[in-house]
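# Structural description and commentary
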Amino acid sequence: MEPFTQSLHFLFFLFILLLPNILVYRTLADGVTSDEARQLRDEVREMFYHAFDGYMEHAFPLDELRPLSCGGEDSLGGYALTLIDSLDTLALLGDRERFASSVEWIGKNIQFDINKTVSLFETSIRVLGGLLSAHLIASDYATGMKIPSYDNQLLNLAEDLARRLLPAFDTPTGIPFGSVNLLHGVDEHESKITSTAGGGTLTLEFGVLSRLTNDSIFEQVTKNAVLGIWARRSKLNLVGAHINVFTGEWTQKDAGIGTSIDSFYEYLLKAYLLFGDEEYLYIFQESYAAAMHYLFNDPWYVEVNMDSAAIVWPVFNSLQAFWPGLQVLAGDIDPAIRTHAAFFSVWKRYGFTPEGFNLATLTVQHGQKSYPLRPELIESTYWLYKATRDPRYLAAGRDMIASLQFGARCPCGYCHISDVEFHKKEDHMESFFLAETVKYLWLLFDLAVGPENLVENGPYKYIFSTEGHLLPATPQISLAKEHCSYFGAYCKSGDSKEKSDTVDISDDPQETNGSKVFGDRSHTGFPSDSFFGSIPATGLIKQGFCPGLTHGQKYGITYIASEDVSTTQKESTAVQSHSVVVVSDQTSIYSPSESQSDDNDAQT
């Protein structure tokens, strides 16, 4: 290790050791009673309607609200973005009238044959995801929110939109362009550089669309994008922040769990949980193990060079705050608790989390002082409370509500905070405030008072997209038991075999090559019960397999070196597999009595 790097490590840990009271939230706030939790839940509902009504009155049908001046603006495509992004929150709150009228208006008035160049990532997670989630709710009697007059209008819009996005995937690597024109496709001068999150956070929305339309093209192109990114990982199993979609060369080699990468990790695990595709689980296991080994400086995460693992930025950025929630889904609870406590200490210090907080100087990172109403820390708070039922997370939620109410509330909605140190307001409200921020706060306190909502008591288990949209594991979507053991990896002549047999959900341990692929499908990271237990198998399917292949070879996942090396040399770069314990057994879940005394915080 270089002397400079050693010094940086020493200073980094010295600050953590000497200033624990600043960096870690050690003391619990006063307990939240049941009555107070109910009042807080109702307060969050009022927060939603203050912002939603402000949008509908002053900004609709423009994309987003200007909450300070009570106006509107088109920020993405000019198609009532905030309304589309808010649909499933309306359904979650049980607002049948507003949900039905909003669905009807969108079905009659929105069209995508417009000359607009849009972000592939933002359009997919906000618009495509919003349409699909609302369609699945509006078309199903089991949700209790079915609209009698609904006739798949949102699904038709979603399919039309996705087909207009498909040209972005026409690249040599399969990794998509970052932007696409909805009328003309990709502009000839479009940048060939995209972020890892932008290229790797599309599988849920496009995959659901494929299952609903019986057209595999949407699922195929997004899966190819993930494989294109993963194939170009470093020898350390790390991915960088930005990549050239034509050459596959990394143009920014900073590896982290935050900005430009975050939801790549998120969708690996969630695509497995929703679709039952073990290829995603395998990649998640390998990438998660590498992240925990090279990026985790307990309880914080740093950014490192993807090739050397040398620290590049000892900075907490607010997009990292989703990570403890993802760890809950993966069953890795203990580090999630510690990291959340550290991240929340930053919120406590400023009233919000700045976009960047420097861990060496313990100050807000220059140029990253804003808080644009992000949901990530609130999301992780919800998941940790769901897993542990520790009242500290209700106290944290109460503090977050207070910050938003006293620091961000504006005449017609909620304002961005442009400077967390001085709580200066900015006249902008992202659509994700209604899609995610208040949604997770409401779910947190509804869970505390005895939930009666679609997510907790509905007919399905739900996966939340990275935009907070509800995607149900219905038999049509979650073909968990209809997976094949061979996905097209190369087999030598004469080695390939096929068989037609009844579905067998047990996995051959010889195929895992040391990386645990779970035969028991109930091990899904949902603390309450089995995720796939109620999904029926559907009869006979074809399964193909190649004898003697490793798990990685079976799935066709190959490592592409930056220089031309032999196959033997390539194989020697593989890092030993590690397993992620995805749990559902209640006895494996953290309980407050087991905690240590000091455990008391894509954007493309």
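Residues numbered from 1 in each chain as written. Predicted model: local features only at pLDDT ≥ 70, side-chain atom pairs only at ≥ 80, totals over all residues. Heavy atoms only, no water.

## Concerning the nonpolar core
Within the largest apolar cluster, 172 residues are counted, with the highest numbers of intra-cluster contacts made by Phe99 and Trp323. When sequence neighbours within four positions are dropped, the list of residues in contact with tryptophan 323 reads Ile257, Tyr265, Tyr288, Ala291, Met292, Tyr301 and Ser380. (Core = buried A, V, L, I, M, F, W, Y, C linked by side-chain atoms within 4.5 Å. Buried < 20%, exposed > 50% of the residue type's maximum accessible area, 1.4 Å probe, protein only. Contact = heavy atoms within 4.5 Å.)

## Here's the deal with unusual backbone geometry
The omega torsion across phenylalanine 60 and proline 61 is 5°, close enough to zero to call that bond cis. Of note, the amide linkage connecting aspartate 298 to proline 299 takes the cis form, showing an omega dihedral of 10°. Summarising the element assignment, proline 299 is placed in the loop between strand S9 (296-297) and strand S10 (300-301). Although it is not a glycine, asparagine 237 sits at a positive phi angle of roughly 65°. Following the sequence through the fold, asparagine 237 ends up in the loop between helix H10 (217-230) and strand S6 (242-244). The class of asparagine 237 is buried, set by a relative accessible area of 7%. Phi angles above zero are rare outside glycine, and leucine 362 is one such case at about 60°. Summarising the element assignment, leucine 362 is placed in the loop between strand S14 (356-358) and strand S15 (363-364). (Helix = DSSP H or I, 4+ residues; strand = E, 2+ residues; numbered from the N terminus.)

## Topic: the packing of helix H11 (residues 262-275) against helix H12 (residues 278-294)
The contact between H11 and H12 brings their axes to 8 Å, and the two run at 145°. Between H11 and H12 lies a crossing of left-handed hand. Residues Tyr265, Leu268, Leu269, Ala271 and Tyr272 of H11 form the contact with H12, whose participating residues are Glu278, Tyr280, Leu281, Ile283, Phe284, Ser287 and Ala291. (Axes fitted to C-alpha atoms, helices over the stretch in contact; angles between N-to-C directions. Left-handed = near helix turned anticlockwise from the far one by under 90°.)

## Section: the UniProt feature "active site" (unreviewed entry) in the chain
UniProt tags Glu122, Asp262, Glu355 and Glu376 as "active site" (unreviewed entry). Along the chain, the position of aspartate 262 falls in helix H11. Of the residues examined, glutamate 376 reaches a relative accessible area of 11% and is grouped as buried. Not counting residues up to four positions away in its chain, the partners in contact with glutamate 376 are Ser318, Leu319, Ala321 and Phe322. (UniProt positions renumbered as here; feature names shortened; annotations may be inferred.)

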